[in-house]
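# Remarks on the overall topology
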Amino acid sequence: MSMTETYQNGWSIHLTTHSQKYLFSAYSVQQLLNRQMPSFLTEDELAAILSSGRDILAEQLPKNTDPDYDTVASMLPPPNHATFCFLSSISGWGGVIVDAYGNIFPQAESRIDTAAPLFSPARLDDKLSRHLPLQQLLSDQYPLLFNVFTDGTEVLELLYFVEPFEPDQTPAVWIRAKRYPLAQPDLYRTAYHLLTRLSDQLQTVDEALFSEALEETILFWVRFREEGTQLKIPQKELQNLFH
């Protein structure tokens, strides 16, 4: 099994096994540029619309056509309040939860202690982590999460995933930190870390160990998905929600 990562208008991961080749999308730099020049409504503007008693948002959509997901999404501010992503293996009790700012919390039965994350991006970069990140699952559906921070010049990409594990093992969160100039993504630098769900100690690991865990995790979820029911829906977002 081999894995390579390439950039061509966006980041992609190529995974090759003895019998199959896979291509996964991460995110595009254009998505980062779009966040630097947002066209969506501000939270104050959205609040004014909601309190107006009129469907002002609908009035701004194209006439004589059904609104599509991308058009509506482009007008709304990205959610960042009480918004979480869950990363785990099949044994759901052993996962972690990531908020809209890239903070990692242990899964809890009742609530999340937002004052005590296992990991915060500020531990790696106090400056870039002040920006709300672009968050993207691998190929929009696999539970490997990209958190991408930028100030318009520099980029910090944090990739999080939980390696598949047995129910009696302590799950580990793998973290890759990639830095590069927004205008020159090929000039990237990377560092690799490991975090256990029961401790906030961040271990530095080598590239080979991280890559092995990444390959196995991607292949695990690919095979898991292939064993399930396949359903084709025209709208991509609903398709991903089903998966």
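Residues numbered from 1 in each chain as written. Predicted model: local features only at pLDDT ≥ 70, side-chain atom pairs only at ≥ 80, totals over all residues. Heavy atoms only, no water.

## Let's talk about the overall build of the protein chain
Let me state the cut-off plainly: Segments assigned H or I by DSSP are reported as helices when at least four residues long, segments assigned E as strands when at least two residues long, and all are numbered from the N terminus. Accessible area is worked out with a 1.4 Å probe on protein chains only. A residue is then buried under 20% of its type maximum, exposed over 50%, and partly exposed in between. Two residues qualify as a contact provided that any one of their heavy atoms is within 4.5 Å of a heavy atom in the partner residue. Surface accessibility in these figures is a Shrake-Rupley result with a 1.4 Å probe; residues are shielded only by whichever protein chains are displayed.
When helices and strands are counted, the protein chain shows six helices and 12 strands. For the protein chain, buried positions account for 39% of its 243 residues. Considering only residue pairs separated by 6 or more positions, the protein chain has 49% of its internal contacts joining residues 24 or more positions apart. In the structure as shown, the protein chain presents an accessible area of about 13,900 Å², 51% of it carried by carbon and sulfur atoms.

## So, the nonpolar core
For soluble globular proteins, the rule of thumb is that nonpolar side chains tend to be buried together. As a reminder, the rule being used: We call a set of buried Ala, Val, Leu, Ile, Met, Phe, Trp, Tyr and Cys residues a nonpolar core when their side-chain atoms join them within 4.5 Å.
Judged by nonpolar contacts, the single largest core of 32 residues is most densely connected at Phe24, Tyr27, Leu144 and Ile218. With seven residues, helix α5 (residues 207–226) is the single largest residue contributor to this core. Beyond its immediate stretch of four places on either side in the chain, Phe24 contacts Trp11, Ser12, Ile13, Leu15, Leu138, Ser139, Tyr142, Ile218 and Val222. If you look at the next biggest cluster of nonpolar residues, it comprises 18 residues, including Ile104, Leu145, Tyr160 and Val173.

## With respect to the pattern of salt bridges
Definition in use: By convention in these notes, a salt bridge is any Lys or Arg side-chain nitrogen within 4 Å of a carboxyl oxygen on Asp or Glu.
Per the stated rule, a full pass over the model turns up six salt bridges. Here Asp125 makes a salt bridge to Arg179, at a shortest N to O gap of 2.7 Å. Separated by 54 residues along the polypeptide, Asp125 in the loop between β6 (104–106) and β7 (134–138) and Arg179 in strand β10 (residues 172–181) bring together distant segments of the chain. Among the residues examined, Arg179 registers a relative accessible area of 22% and is labelled partly exposed. For Lys178, the salt bridge identified is with Glu157, shortest N-O distance 3.6 Å.

## Some points on the sheet that holds strand β2 (residues 11–16)
Counted only if it meets this: The pairing criterion for strands is at least two bridges between them, as found by DSSP. Comment: axis = line fitted to C-alpha atoms, over the contacting stretch for helices; angle = value between 0 and 180 degrees taken between N-to-C directions.
Strands sit in the order β1-β2-β3 across an open sheet of three strands; the sheet is antiparallel. Two strands close off the open sheet at either side, each with one partner strand: β1 (2–7) and β3 (21–25). Strand-to-strand twist across the sheet, computed as the mean angle between neighbouring axes with direction ignored, equals 20°.

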